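# What the coordinates show
The primary structure of each chain is shown beneath.
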Amino acid sequence: MEKDLVAESKRIARAIVVREFRKSLGKYYLSWTAYDFLTGITYVILANYPLYYYIALFSLLGIFIFLSGRFFLKAYSSLFKFFSAYEVYGKYSLLAWILGKFLNPALYIISVILIFVGGLLPNFQVFLVGIVLLVFSVDSSLYITYVVPGMKYYDILALITFTVCIPLANVTSYSQIAYLVFGLSWLFAGYKSLMEVVEGE
C-alpha cells in the first residue's frame, strides 16, 4: 500500500513537472519568434546605422534572455522540488549540471560578445566563431531541457531549424529565407507545446 502511494505521488509529481517544462518551452519558442520579428523590423529601420542597430539588437537580446530565464525558473524549481538530478539525468547528471550551470551560460555570453565585436569591426572570422558558439550553447541547453518533458517531433524541428537557419541567416545571402523558416518552425513548436499543456488539463 505504501509503495503504491509513493509510486502514485511520483507519477503526479512527474505530470506536474512535465507540464511546467512544456509550458515553459512553448513560451520560449514563441518569445524568440517575436524576437526574430522585432529584429527584422529593427534592421529595416536602422540598416544604415550599424552602431545603433547593434545597440538596439543587443538591448532586445538582453530583454529576451531575461524572459527566457524567468520562463524556466519555475520549471526547474518544480523539477528539483520532487526529483534529484540523478533521477532525471542518471549517470550524466554531473555533466548536465556542469553544462547547464556553467559551460552553456559562459559560451552564450562569449558568443554574444564575439558576434557584437565581429559585427562592429567588421571581422567575419570573429563573427563566425560567435555564431558557432551561440548555436552550440543553445542546442546543448535545449537538449538538456528536452530530457525532462520528452522530445517531440516539433522540438526536433525547432532544434534542426535553429542549428541550420541561424548560421545561414548570418553568414550567407539567404538571411530572409532562413529567418522566415526559423520563425515559422518555432512559432509552430510554441503553438504545439502550449496546446499539449491545454489538452492535458
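Heads up: these notes are all about the structure in this document. (Residues numbered from 1 in each chain as written. Predicted model: local features only at pLDDT ≥ 70, side-chain atom pairs only at ≥ 80, totals over all residues. Heavy atoms only, no water.)

The secondary structure content of the protein chain amounts to seven helices and zero strands. In the protein chain, the succession of helices and strands from N to C terminus is α-α-α-α-α-α-α. A principal-axis box enclosing the C-alpha atoms of the protein chain has dimensions of 70 × 35 × 25 Å. Relative to its full complement of 201 residues, the protein chain shows a buried share of 39%. Contacts in the protein chain between residues far apart in sequence, at least 24 positions, make up 73% of those at least 6 positions apart. When the accessible surface of the protein chain is split by element, carbon and sulfur atoms take 72% of a total near 11900 Å². Of the side chains in the protein chain, 15 bear a positive and 11 a negative charge, and the two mean positions are spaced by 4 Å. (Helix = DSSP H or I, 4+ residues; strand = E, 2+ residues; numbered from the N terminus. Buried < 20%, exposed > 50% of the residue type's maximum accessible area, 1.4 Å probe, protein only. Contact = heavy atoms within 4.5 Å. Areas by Shrake-Rupley, 256 points an atom, 1.4 Å probe, with all protein chains shown as cover. Lys, Arg positive; Asp, Glu negative; His and termini not counted. Charge placed at Lys NZ, Arg CZ, Asp CG, Glu CD.)

Moving on: a nonpolar patch on the surface. A cluster of nonpolar residues, Y143, V147, M151, I156, I160, V164 and L168, forms a patch on the protein surface that exposes about 600 Å² of accessible area. The element that contributes the greatest number of residues to the nonpolar patch is helix α6 (residues 153-171), accounting for four residues. Relative to the helices and strands, M151 is located in the loop between α5 (124-146) and α6. (Patch = residues over 30% accessible without salt bridge, like charges linked within 9 Å, V, L, I, M, F, W, Y side chains within 5 Å. Salt bridge = Lys/Arg side-chain N within 4 Å of Asp/Glu carboxyl O.)

What follows is about the packing of aromatic side chains. The full count for this structure, using the stated rule, is 19 aromatic pairs. Ring geometry for Y28 and Y29: centres 6.3 Å apart, planes at 55 degrees, overall tilted. Residue classification places Y28 among the buried positions, given a relative accessible area of 12%. Ring pairs connect the aromatic residues Y28, Y29, W32, Y35, F64, F162, F182 and W186, which therefore count as one cluster. (Phe/Tyr/Trp six-rings, centres within 6.5 Å; stacked < 30°, edge-to-face > 60°.)

Structurally, the position occupied by R14 is in helix α1 (residues 2-46). Taking the C-alpha atoms as reference points, R14 and L73, 59 residues apart in sequence, are found 17 Å from one another. Here V148 takes part through its backbone oxygen, which lies 3.4 Å from a polar atom of the side chain of R14. (Polar contact = N/O pair within 3.5 Å; in protein donor to acceptor, adjacent residues only side chain to side chain.)

Where helix α2 (residues 50-82) meets helix α4 (residues 93-120), the axes come as close as 10 Å, and the angle between the chain directions of the two elements is 165 degrees. By the angle between their directions, the pair α2 and α4 is classed as roughly antiparallel. Between α2 and α4 lies a crossing whose hand is right-handed. Every residue of α4 that contacts α2 at P50, L51, Y54, F58, L61 and I65 is listed here: Y108, V112, I115, F116, G119 and L120. Here the contact of α2 with α4 is composed, by residue class, of eleven nonpolar, one polar and no charged. (Axes fitted to C-alpha atoms, helices over the stretch in contact; angles between N-to-C directions. Parallel < 35°, antiparallel > 145°, perpendicular 65-115°, else oblique. Left-handed = near helix turned anticlockwise from the far one by under 90°. Nonpolar A, V, L, I, M, F, W, Y, C, P; charged D, E, K, R; others polar.)

Let's shift gears to the nonpolar core. Counting residues in hydrophobic clusters, the biggest one holds 35 residues, and the most contacted among them are Y28, Y29, W32, L142 and W186. The set of elements that each furnish at least two residues to this core consists of α1, α2, α4, α5, α6 and α7 (175-200). Per-element tally for this core: the top contributor is α2, with nine residues. For Y29, the residues in contact, after removing those within four places along its chain, are Y146, D155, A158, W186, A189, G190 and S193. Counting twelve residues, the second largest nonpolar core, distinct from the first, contains A13, F21, F83 and V148. (Core = buried A, V, L, I, M, F, W, Y, C linked by side-chain atoms within 4.5 Å.)

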